[in-house]
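# Notes for the structure review
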Amino acid sequence: MKSVKISLQMAQNVKDFVNIVQEYPYEIDLKSEKYVVDAKSILGIFSLDLSKPVTVEIHSDNCDDLIAALKKFA
């Protein structure tokens, strides 16, 4: 499993993020403090506190292409 911190403060960023992660077959979670949601769920993401950075947890070790795609949210 790999983790990356990102920022999703605008609604358009959330939409772009979900469009990117839906292309990958492995499980991806978003974690904000004690809450964890499915990163492919736009409603789940909006239930988090997006005023602070969130952590993307990718349940795969071969995900360098996804990490590269998420760099724009860093």
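Below or above, wherever it landed, is the structure these notes cover. Every value quoted in this text rests on a predicted model; they were computed, and no experiment measured them.

## Observations concerning the pairing of strand β4 (residues 54-58)
- For β4, a buried count of 5 out of 5 residues is recorded, marking the element as mostly surrounded by other parts of the structure.
- A two-sided burial pattern is seen for β4, the buried positions comprising V54, V56 and I58 on one face and T55 and E57 on the other.
- Of the pairings in the sheet, the one linking strand β1 (residues 2-6) to β4 comprises 5 bridges and is antiparallel in character. The partner of V4 across the bridge, within β4, is V56.
- Of the strand pairs in this sheet, strand β2 (residues 28-32) and β4 are connected by 4 bridges, and their pairing is antiparallel. Counterpart to L30 in the pairing with β4 is V56.

## Thoughts on the sheet that holds strand β3 (residues 35-38)
- Read from one edge to the other, the open sheet built from 4 strands follows the order β1-β4-β2-β3, with strand pairing classed as antiparallel. Edge positions in the sheet fall to β1 and β3, since each has one partner strand and no second. For this sheet the average axis-to-axis angle between neighbouring strands, irrespective of direction, equals 25°.

## With respect to the side chain of E57
- Turning to its location among the elements, E57 is positioned in strand β4.
- Among all residues touching E57, those that are not within four sequence positions of it are M1, K2, S3, E27, I28, D29 and K31.

## Points about the side chain of S32
- Checked against the element boundaries, S32 lands in strand β2.
- Among all residues touching S32, those that are not within four sequence positions of it are L48, D49 and V54.

Scoring rules and cut-offs
- Residues numbered from 1 in each chain as written.
- Predicted model: local features only at pLDDT ≥ 70, side-chain atom pairs only at ≥ 80, totals over all residues.
- Heavy atoms only, no water.
- Buried < 20%, exposed > 50% of the residue type's maximum accessible area, 1.4 Å probe, protein only.
- Helix = DSSP H or I, 4+ residues; strand = E, 2+ residues; numbered from the N terminus.
- Pairing = 2+ DSSP bridges.
- Axes fitted to C-alpha atoms, helices over the stretch in contact; angles between N-to-C directions.
- Contact = heavy atoms within 4.5 Å.

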